[in-house]
Amino acid sequence: MARRKKIYEGKAKILYEGPEPGTIVQYFKDDATAFNAQKKDVIEGKGVLNNRLSEFFMQGLTQIGVPTHFIKRLNMREQLVRQCEIIPLEVIVRNYAAGTMSQRLGIDEGTQLPRPIVEYCYKDDSLGDPLVTEEHIAAFGWASQQDMEDILSLALRVNDFMSGVMMAVGIRLVDFKIEIGRVYDGDFQRLIIADEISPDSCRLWDIETGQKLDKDVFRRDLGSLTDAYTEVAKRLGVMPKTSTPITKPTLIN
Ligand code: C5P
């Protein structure tokens, strides 16, 4: 059997060289990390769920004309994606105060924000992904002014889509993080949604009960992460409502 070329291994995913030039195989691991990898665990089934959920969100975005890196799901843990140059920013959109925004500004978690607020963090684990302003981004050349306009528009379109999809199944989209990739088409370049969109990178609260259905379950030791992600997948119809826990691998293929 030929060995695949590993391009990169991150905290939750591994990237392998894809079958065609310009493609990458994205493998979703079961590893969970929080607080810049100070807290770690292996959560059986998480990779399978995130592969499915990210496929669902990326396909939905494609359908409404938001470009993404997603090409197709290959199997339970892998998807084929378009290779792109990742802009070194974490783009965070917040609808309600939570997490670091609540800590930083002293706003109670769950407070509705006057409008969606977009924040940028510089992607560097050794620095703990610090919050930066558009001034830093422009001055250090991480993205151009045109890129920033495109990133803002993409982030808000993802927010509208994700908020609507979640609202329809009784879930509040509190906040989320996306990453943006640059692709080249001949003389042109454009930006697309890359990485993943999953409960690892969103805050999702049940509208009725406020129950957390995202990675805060792991960060804050609130119970079973797999159960929370399975609940999201079931509500979205990504997994049959009657199926037993995801850890039984034959259920999803
Ligand atoms: O931690 P904080 O409150 O800044 O996170 C905001 C949102 O961005 C959360 O949904 C969180 O899951 C996501 N995030 C992420 N990866 C990071 C930092 C934040 O997915 N490195």
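Residues numbered from 1 in each chain as written. Predicted model: local features only at pLDDT ≥ 70, side-chain atom pairs only at ≥ 80, totals over all residues. Heavy atoms only, no water.

Our focus in this paragraph is the layout of surface pockets. In this structure, the second largest pocket occupies an estimated 190 Å³ of space. Along the wall of the second largest pocket there are 13 residues; nearest its centre are Asn-95, Tyr-96, Gln-112, Ser-163 and Leu-173. Secondary structure elements with two or more residues in the lining of the second largest pocket: strand S9 (89–96), strand S10 (112–122), helix H4 (145–167) and strand S12 (171–185). (1 Å grid on protein atoms, 1.4 Å probe; cavity = no way out; pocket = protein on both sides within 12 Å on 5 of 7 lines; lining within 4 Å. Points joined across faces, edges and corners; volume = space filled by probe spheres on them. Helix = DSSP H or I, 4+ residues; strand = E, 2+ residues; numbered from the N terminus.)

Moving on, we get to the packing of helix H1 (residues 46–63) against H4. Contact geometry of H1 with H4 gives a least axis separation of 11 Å together with a crossing angle of 120 degrees. Here H1 lies oblique to H4, going by the angle between them. Of the two elements, H1 crosses H4, and the hand of that crossing is right-handed. The segment H1 lies against H4, with Phe-56, Phe-57, Gly-60 and Leu-61 engaging Val-158, Phe-161, Met-162, Val-165 and Met-166. Here the contact of H1 with H4 is built from residues that sort into 8 nonpolar, 1 polar and no charged. (Axes fitted to C-alpha atoms, helices over the stretch in contact; angles between N-to-C directions. Parallel < 35°, antiparallel > 145°, perpendicular 65-115°, else oblique. Left-handed = near helix turned anticlockwise from the far one by under 90°. Contact = heavy atoms within 4.5 Å. Nonpolar A, V, L, I, M, F, W, Y, C, P; charged D, E, K, R; others polar.)

Counted by the stated rule, this structure contains 1 cavity of 30 Å³ or more. As a volume, the largest cavity reaches approximately 30 Å³. Considering the residues around the largest cavity, the lining is formed by Glu-134, Ile-137, Ala-138, Ala-143, Ser-144, Gln-145 and Met-148. Contributions of two or more residues to the lining of the largest cavity are made by helix H3 (134–139) and H4. The biggest single contributor to the lining of the largest cavity is H3, with 3 residues. The residue inventory of the lining of the largest cavity, partitioned by class, reads 4 nonpolar, 2 polar and 1 charged.

When you line up the elements, Glu-179 lands in strand S12. For Glu-179, the side chain forms a polar contact with the side chain of Lys-123, separated by 3.2 Å. Apart from the residues lying within four places of it in its own chain, the contact partners of Glu-179 are Ile-86, Leu-89, Glu-90, Lys-123, Ile-192, Ile-193, Ala-194 and Asp-195. (Polar contact = N/O pair within 3.5 Å; in protein donor to acceptor, adjacent residues only side chain to side chain.)

Once that is clear, we can look at the pairing of S12. S12 sits mainly inside the fold: 12 of its 15 residues count as buried. In terms of strand pairing, strand S8 (residues 85–86) meets S12 through 2 bridges, oriented antiparallel. Bridge pairing in S12 places Glu-85 opposite Arg-182. In this structure, S9 lies alongside S12, joined through 4 bridges in antiparallel fashion. Note that in S12 the partner of Ile-92 across the bridge is Lys-177. By the bridge criterion, 5 bridges tie S12 to strand S14 (residues 202–206) in an arrangement that is antiparallel. Each bridged residue has a counterpart across the sheet, and for Leu-173 the counterpart in S14 is Leu-204. Relative to strand S13 (residues 188–194), S12 runs antiparallel, the two being bridged by 7 bridges. Pairing of Tyr-184 across the sheet is with Gln-189, part of S13. Counted between consecutive antiparallel strands, the loop separating S12 from S13 contains 2 residues, among which Gly-186 sits at a positive phi close to 60 degrees. (Buried < 20%, exposed > 50% of the residue type's maximum accessible area, 1.4 Å probe, protein only. Pairing = 2+ DSSP bridges.)

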